[in-house]
Amino acid sequence: MSNSTLDCFLLTAHYRDAGAKFEITLWGAADSGERVRVFVDDFRPMFFCLRSTPANLTAPAAERKALNMRALDMRDLDCLYFDTHAAMQHSAGSLRAAGYPVCESDVNPMQRYLMERMVSGSMRISGTRERTGRFTGFKNPRLRGCEFIPDLSVMSICINTAPDGGSGGGAIREAACVEDGRACLFVVKNGLDFAGPPPAKIHYCDDERRLLTDLMKYITSGDPDVLTGADIADHTLRILQERCLKLGLRFDVGREGGSRVFVSTRNARRRDGHTSTKTVWNARIPGRVVMDLATMLRAYHRSNDDDGHIDADGSLAAATEALNLFNEAEILPNAIERSRRSGQALDSIGGSVASFDHLYLPRLHRAGFAAGDTADIRPPAKALPGGYVLEPAPGLYKNVLVFDFKSLYPSIIMTFMIDPLGFRIAGGNRIATPVGTTFSKDTSIMPEIIRELMDARATAVKLRNPYLSQAIKLLMNSFAGVLGSTGCRFFSDEISPSITLTGQHILKLSIEHIEKTYGKSIIYGDTDSIFVDLGAGCPEGQAAELGVKISRETDAWLRETLMEQYGAASALALKYEEHYNRFFIPPLRGGDAGQGTKKHYCGAVVKADGRMELTFKGMESARSDWTDLAKEFQRDLFIMFFSEKQLETYIATTAERLRRGEFDDKLVYRKHVRKELDAYTSNIPPHVQAAKLLDTPVRTVRYYITKNGPQPVEKLSAPIDYQHYMDSQLRPVADSILIWMGSDFDRAVSGQMELFA
Ligand code: DCP
Ligand code: MG
Ligand code: MG
C-alpha cells in the first residue's frame, strides 16, 4: 500500500444503494497501463430545499445544512444530505407533494459526484493504492479533472447460433473475438461447417457449454477496455447471457462480477406527435465499455441505418469487419474527445441536457446559486422560434458565393452575454438583445463556458485534432438547443428565443448590408447562411477574392453596428465558404411560379481539370429508399444540365434501358429490419414483406419491387416492376429540373419515343 496519484480515464461508472449506504464504483484506464477500480462510499446524495421549509418535513435527511446559496428566484436554500439515493428520492417526492419546492433533486448523484470534482472523462486519482488481483484499487480517493488521453484496447465479438426450431435451436455454435493483431474463432465440433480459409487460431470445443466457458475466459484474460461489434448488446451479449442462464453458467465477462444485459424502455416522440415506446437492450459490463457499432457510427457520422451492418460469411469475418469499421470510423478518438468535453460516458450518445448540467451546475454552485428541478418546467404555449429561412428564388445560376456564420448560436451567446443566471439576476450593468431581453454583464456563466470551448476548438484546429474540434462544435451548438427544450432545467421561453431571434435579426441585417453595399442579389439563406448571386458576368478568378472581401468587411460592419446599437462586442464571424460555378434551386412542386423549394439545391464547382464536383442539399440521394440507379441518374443529369447539354434524349434513353433490363443490378433497395418480423401487423412496409420471404432472418434486406410486390434479391421470382422504378426513381430526379424548364418527365420520354420505334 502506498499513497499515490494516478491519471486515469473513466471507462464505466455504476452506483447503487447497498443497504444503508450509497456506493459508487468507477473503472478507469491509467497512464501507467494499470486498470483501476475506484470504490466510493463516503459520498452522500443531496439536493436543496428552501430555507423556509419546516424542519419536521426534512427530518428524513441525514443532515440539513444552511449554505450561502440561493435559488434562481433569489430565495435562500438549505442543503439536504442523505445516506441513500432511495432516501433522497423519497424525501424529494414528499416535499414536492407537500408543496415545498426542491432544487436539483433530479440530478443523478453519481453525475453530481463527478461534475463537482470537474471530472470529464479524465481524472486524477490521489489516495492509497491497493493491489486487488491484476487490478489497482482505490477506496474513497481524492478525485479531480485532468487532461489525460488514454490508449484503449478494443475487442470485436460476433456469434453464430444454430437456427431456431432445429435440434439445439438458438444454441451458440460459433463465436469470434478479434483485436488488433489477434483473433480467435471458437467452434463447436460437429456444429455448423466453417466456411472460408482457416483463421489464425481456431479453438474447437466439444459442446456449447465448453464454448461459452472458453469464450468468457478468453475475453476476461484478453481484458479489453472496449467491446464492440454489430448489435453487440442487443444480440451478441444478450444471447451470451441467455445461453449461460440456460446452461447454468455464470455470465461473466467484466473486470469484476455483475455483468448484466437488460432491457429498458424509452418513450420516443414520433414526428406525428404520438409517443411510441422503444425497447433498448443495455449491457452493463463492469470495467468494459460496450459500444454498438451502428449506434456509434450514427452518433459520430450521422450515417443512416444500414451502416454498421455486417454482411460477412461466418462470425470471424463479421467480427473482423466490425473492428475494421470501428477503427476506420475513428469512433474511439471521437468518443474520448466528446467525453472529455461533455463529461458523459464513452458509450453515451446524445445526452445534451446532461452535458449542459455537467458543465453549468458546478459553476452555478460556485457562484452561490442552485437550479430548479426539471419537473417544474412548464411547456410553452406555442412552439419557440427557430432560424430564419429566406424564400429561395428558383432557377439556374452562374457564380454563386456561399457565406455562413461560424458557430452562429454560440457566438450570439457570447456577443449578447446570454445566460440563465444573467437573465434572472436583477440590476447591475445589463446588455439588451435586439429582441428586447436583457442580461447581466457582471454575472454570467454560459458566455465564459463558450469562450473556453471556442479557445479549445481553436487549439484543436491548430493541433489538427478533428475529433476534438467536431466534439466541441456539437457541444456548443447543443447549448442553444437545450435551452429551448423542456427536458432541461434551464428552459426558458425567453432565453432560447433571445438566441434564435437575434440570429434571425443578424441574418437579415447582413443580407440587407451585402445587397446594399455590393449591389448583388441574395437568392437564398438559411439560419446563418447567405447565397449571393454574382451573375454570369463575373470575371474568372475574381469570385473568390470578392468572397473574402465581403466576409471581412461584413464582420467589421457588424462589429461597429452592434457596438453602436447594443454596446455589444461582436464575436460574429461570417465565413466565405464556397464559390459554385453553377447552382440550381428547384421550383416548389405544385407551388406558384417563382416559388423555390426551401433547403433544396445543387451546386457545382468546376475543378481545374474541368471536372464538376456536385453538392446536393435536400435532394441528396444518400437516402436508403434511393437506388443506385437514382443516384447515378441524378449525378449524370445534373452534370449535363450544368454543361448546357440537351437532356431529353438522355432521359428517354435511360428510361428505355431501364425497361430493357439493362440496369437490373442497380434497382436493389437496402433496408434495415428494426423489429422482429412478427411485430409488424398492419401496414407491413415493403422491406419487411421482402424479409418475410427469406428462409433465415437478416438484419438488412436487399429487395426488388416486382409485379408481385417486394421480393428479396435471393428469392426473386416475379418480373421486376419497371414502371415502379420509372415513377419513384427516375421521374422525381428528372422533374426537379424539367418542371423548371417548362417540361416534365412524361413529355421527355414520349417526345423521344420515335428514337426507339
Ligand atoms: N443549428 C441547430 N441545430 C442543427 C444545426 C444548426 O440548432 N442541427 C443552429 C445552431 C447553429 C446555427 O443553426 O449555430 C447554424 O448552423 P451551422 O450548421 O452553420 O453551424 P454553426 O454556425 O454553429 O457552425 P459552423 O462554424 O460550422 O458554421
Ligand atoms: Mg454556421
Ligand atoms: Mg449554416
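What you see is a predicted model, and the numbers here were worked out from it, not measured in a lab. (Residues numbered from 1 in each chain as written. Chains lettered and ligands numbered in written order. Predicted model: local features only at pLDDT ≥ 70, side-chain atom pairs only at ≥ 80, totals over all residues. Heavy atoms only, no water.)

## Digging into the pattern of salt bridges
No. 1: Per the counting criterion, the structure on display carries 47 salt bridges.
No. 2: Across the pair arginine 112 and glutamate 116 runs a salt bridge, and its minimum N-O distance is 3.8 Å. Residue arginine 112 and its partner glutamate 116 are located together in helix H2 (residues 109-116), separated by four residues, close to a single helical turn.
No. 3: What makes glutamate 116 partly exposed here is its relative accessible area of 23%.
No. 4: Between lysine 599 and aspartate 526 there is a salt bridge, with the nearest N and O atoms lying 2.7 Å from each other. (Salt bridge = Lys/Arg side-chain N within 4 Å of Asp/Glu carboxyl O. Helix = DSSP H or I, 4+ residues; strand = E, 2+ residues; numbered from the N terminus. Buried < 20%, exposed > 50% of the residue type's maximum accessible area, 1.4 Å probe, protein only.)

## Description of the coordination of the magnesium ion (ligand 3)
No. 1: Those protein atoms acting as donors to the magnesium ion (ligand 3) are Asp404 (OD) and Asp528 (OD), and they sit at 2.1 to 2.2 Å.
No. 2: Taken as an interatomic distance, the gap from the magnesium ion (ligand 3) to the magnesium ion (ligand 2) is 3.5 Å; aspartate 404 donates to each of them. A residue pair is termed long-range when its members are at least 10 positions apart, and aspartate 404 in strand S20 (residues 395-405) and aspartate 528 in the loop between strand S23 (521-526) and strand S24 (529-533) qualify at 124 residues. Of the two residues, aspartate 404 and aspartate 528, both sit in the buried class. (Donors = N, O, S within 2.8 Å, 3.2 Å for Na, K, Ca; no water.)

## A word on the site of ligand 1
No. 1: Around ligand 1 sit Asp404, Phe405, Lys406, Ser407, Leu408, Tyr409, Pro410, Lys473, Asn477, Thr527, Asp528 and Lys575, and those are all the residues in its vicinity.
No. 2: For ligand 1, whose free accessible area comes to 540 Å², the fraction covered by protein is 66%.
No. 3: Here ligand 1 occupies the second largest pocket.
No. 4: Looking at the shell around ligand 1, the elements with two or more residues in it are S20, helix H9 (408-415) and helix H12 (466-483).
No. 5: Top element by residues in the shell around ligand 1 is H9. It accounts for three residues.
No. 6: Within the shell around ligand 1, the residues separate by chemical class into four nonpolar, three polar and five charged. (Near = heavy atom within 4 Å. Areas by Shrake-Rupley, 256 points an atom, 1.4 Å probe, with all protein chains shown as cover. 1 Å grid on protein atoms, 1.4 Å probe; cavity = no way out; pocket = protein on both sides within 12 Å on 5 of 7 lines; lining within 4 Å. Sits in = over half its atoms within 2 Å of the grid points. Nonpolar A, V, L, I, M, F, W, Y, C, P; charged D, E, K, R; others polar.)

## Focus: the packing of aromatic side chains
No. 1: Inspection of every chain in the model, using the stated rule, returns 30 aromatic pairs.
No. 2: Members of the aromatic cluster, connected to one another through ring pairs, are Phe584, Phe616, Phe638, Phe641, Phe642 and Trp740.
No. 3: Over the ring of phenylalanine 262 we find arginine 260; its NZ or CZ atom is 4.5 Å from the centre of that ring. (Phe/Tyr/Trp six-rings, centres within 6.5 Å; stacked < 30°, edge-to-face > 60°. Lys NZ or Arg CZ within 6 Å of the ring centre and 35° of its normal.)

## Details of the domain arrangement of the protein
No. 1: When its domains are assigned, the protein resolves into domain 1 (2-145), domain 2 (154-342), domain 3 (389-585) and domain 4 (624-756).
No. 2: With 13 residues of domain 1 in contact, the opposing surface of domain 2 contributes 15 residues.
No. 3: Taken over both partners, the interface formed by domain 1 and domain 2 buries close to 1200 Å², and the fraction arising from carbon and sulfur atoms is 54%.
No. 4: For domain 1, the biggest contributors to the area lost against domain 2 are Leu11, His14 and Trp27; these three give 35% of the whole.
No. 5: Between the two partners, domain 1 and domain 2, sit two salt bridges.
No. 6: Among the salt bridges present, the one from arginine 37 reaches glutamate 256, with a minimum N-O distance of 3.0 Å.
No. 7: Along the contact surface separating domain 1 from domain 2 lie seven residue pairs in polar contact (both at pLDDT 80 or more).
No. 8: If you list the elements that add at least two residues to the side of domain 1 that touches domain 2, you get strand S1 (2-18), strand S2 (21-30) and strand S3 (35-40). (Domains from an automatic or database assignment. Contact = heavy atoms within 4.5 Å. Buried area = accessible area lost by both parts, 1.4 Å probe. Polar contact = N/O pair within 3.5 Å; in protein donor to acceptor, adjacent residues only side chain to side chain.)

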